[in-house]
Amino acid sequence: MKAIVQSKYGNADALQLKETDKPIPGANDVVIKVHATALHIGDYYTMLGSPFLLRLMMGFFRPKFGPGTDVAGVVESVGANVTQWKPGDAVFGWCKGGFAEYACADASQFARKPEHLSFEQASSLVTSALTALEAVRGQGKVKPGHNVLVNGASGGVGPFVVQIAKSYGATVTAVCSTRNVERAVAMGADVVVDYTQEDFTQRNETYDCILDVAGSRSLKEYRRVLKPTGVVIPIGGSPNLLRVLGIAIKSMFSKHQGAPFVSMPNTEDLNTMQELAESRVVQPFVEECYSLERTADAYRYIGEGHARGKIVVQPARS
Ligand SMILES: NC(=O)c1ccc[n+]([C@@H]2O[C@H](COP(=O)([O-])OP(=O)(O)OC[C@H]3O[C@@H](n4cnc5c(N)ncnc54)[C@H](OP(=O)(O)O)[C@@H]3O)[C@@H](O)[C@H]2O)c1
C-alpha cells in the first residue's frame, strides 16, 4: 500500500511517499481503508521533532511511528476478539501512521461515522475537536449563562471551541481576522471581534472564561477583561518550553490562570463528539483536501498558522 513515511525529524521534505506492507490486525484491532486523514498542528510539531520533549514519546532520534493520527474510513478487516465492528462499517478515530491507504488500531479507538458527514468532515472530529471539548467542559467548566471569549476562533481548534461553548449555553465572543468574520458568525458566535481592527482587551465587556487558542496575549492583558472569578484556559500558542513552564507557574499563583493541558484521545470523548456531530451541535469545517502525494504541502500550509478550519489528506483519492 502507499503510505507517508518519515525516517528523520525535519521540515516537510522529510515526508516521503513509499510502498509499505498493508497492516494485519491483531486480535483486538481493526484495519480500515482510509478515506480521509485530518492534519492537526501536533502532527506538524511531531514532524519537526520540536519541542524536544515531544521526542520522549515519539522517539529520540527519529519518529517511531508513521505520521497521521486522525482518520475516517471503512472497516476492511477485524481481529478475532472484535465484536463491535465488521467489514463495511464507516468509522472515524485515531491511530498511528494514518497518512496511508490502510491503517490499523485497537477497536476501541473508533466511533461510528455520523451518517450526514463526509469522511473528510468525520476525520476532523478527533484531535482538534477533543481538545476543544476538554478545554470547554473539563478545564473551562463552561456553564449556561457564562460569558466566554475564544481568542483564535477560526483555525483547526477554534471553531469547535466556539460551537461546543455555545452548546453549553454560553454567550460566545469569537476573535479572528477579517477574512474569518463571516465564518465565525456562521458558527454561531454571538459577537465577533476582528483582531486586525479592534483590541478586545480594551472593550467594556468582561468574561467568565477566556479560551486562549491563539496564545497571542499575556495574562496581564487578559485580566483587563476578566470577571473577578474569571479564568484563562491556555489551549495554544508557541509550545516553547519556557513559555509553557511560565504559564504552569502562573497557574499555581493566580486564580485567573488555568494550567497548560494536553488532551489525550479516549473512547468516551470520541463517542461524545460523534453524538455532538450527529445532533448537529457541532459542524466540522474543512478548508482544503490534499491527495496523499501532496501530504507535505498540507503540512507546509498548516505550519503557516493561518488555516481556516481543518486540512485533510485523502489517501483513497490517490
Ligand atoms: N492542548 C492541546 O492538547 C492542544 C491540541 C491541539 C492543538 N493545540 C494548540 O492549539 C493551537 C491552535 O491549534 P489550531 O490547530 O487551531 O491551529 P491553526 O489551525 O493554525 O489556527 C490558529 C488560528 O489562530 C489564529 N490567530 C493567529 N494569530 C492570531 C492573533 N494574533 N489573534 C487571534 N487569532 C490569531 C489564526 O487565525 P487568522 O488566520 O484569522 O489569523 C488561526 O485561525 C496551537 O497552538 C496548538 O498547539 C493544543
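Residues numbered from 1 in each chain as written. Predicted model: local features only at pLDDT ≥ 70, side-chain atom pairs only at ≥ 80, totals over all residues. Heavy atoms only, no water.

Here we come to the overall build of the chain. Per the secondary structure count, the chain includes 10 helices and 14 strands. The globule rule puts the C-alpha radius of gyration for 318 residues at 20 Å, and the 20 Å found for the chain is close to it. On the principal axes, the C-alpha backbone points of the chain span a range of 60 × 40 × 35 Å. Out of the 318 residues belonging to the chain, those deemed buried represent 51%. For the chain, restricting intrachain contacts to residue pairs at least 6 apart in sequence, the fraction spanning at least 24 positions comes to 67%. Counting every atom, the chain has about 14,100 Å² of accessible surface; 53% of that belongs to carbon and sulfur. (Helix = DSSP H or I, 4+ residues; strand = E, 2+ residues; numbered from the N terminus. Rg over C-alpha atoms; globule rule 2.2 N^0.38 Å. Buried < 20%, exposed > 50% of the residue type's maximum accessible area, 1.4 Å probe, protein only. Contact = heavy atoms within 4.5 Å. Areas by Shrake-Rupley, 256 points an atom, 1.4 Å probe, with all protein chains shown as cover.)

Before going further, it helps to examine the packing of aromatic side chains. Following the criterion strictly, the structure yields 5 aromatic pairs and no others. Judged by centre distance (6.2 Å) and plane angle (70°), the rings of tyrosine 44 and tyrosine 45 are edge-to-face. Look at phenylalanine 60 and phenylalanine 61: their rings are 5.4 Å apart centre to centre, the planes differ by 90°, and that puts the pair in the edge-to-face class. What makes phenylalanine 60 partly exposed here is its relative accessible area of 44%. An aromatic cluster is present here, built from Phe52, Phe60 and Phe61 joined pairwise through their rings. Looking at lysine 113, its charged tip hangs above the ring of phenylalanine 119, at a distance of 5.0 Å from the centre. (Phe/Tyr/Trp six-rings, centres within 6.5 Å; stacked < 30°, edge-to-face > 60°. Lys NZ or Arg CZ within 6 Å of the ring centre and 35° of its normal.)

Turning our eyes to something else, we now look at the sheet that holds strand S8 (residues 147–151). Reading across from one edge, S10-S9-S8-S11-S12 is the order of the 5 strands in this open sheet, with parallel pairing throughout. Of all the strands in the sheet, the pair left with one neighbour each is strand S10 (191–194) and strand S12 (226–234). Across this sheet, the average inter-strand angle for adjacent strands is 20°, counted without regard to direction. Strand direction decides the pairing type here: strand S11 (residues 207–212) and S12, joined by 5 bridges, are parallel. (Pairing = 2+ DSSP bridges. Axes fitted to C-alpha atoms, helices over the stretch in contact; angles between N-to-C directions.)

As a measure of interface size, the accessible area lost when the parts come together is often cited. With domains assigned, the chain is organised as domain 1 (2–125 + 283–317) and domain 2 (128–253). Measuring from the centre of the C-alpha atoms in domain 1 to the corresponding centre in domain 2 gives 28 Å. Each partner contributes residues to the interface: domain 1 has 15 residues there, and domain 2 has 17 residues. Looking at the side of domain 1 facing domain 2, the largest losses of area belong to Leu125, Phe285 and Arg308, adding up to 43% of the total buried there. At the junction of domain 1 with domain 2, the criterion picks out 0 salt bridges. Here domain 1 and domain 2 share 7 residue pairs in polar contact (both at pLDDT 80 or more) between them. Partitioned by chemical class, the residues of the side of domain 1 that touches domain 2 number 7 nonpolar, 5 polar and 3 charged. (Domains from an automatic or database assignment. Buried area = accessible area lost by both parts, 1.4 Å probe. Salt bridge = Lys/Arg side-chain N within 4 Å of Asp/Glu carboxyl O. Polar contact = N/O pair within 3.5 Å; in protein donor to acceptor, adjacent residues only side chain to side chain. Nonpolar A, V, L, I, M, F, W, Y, C, P; charged D, E, K, R; others polar.)

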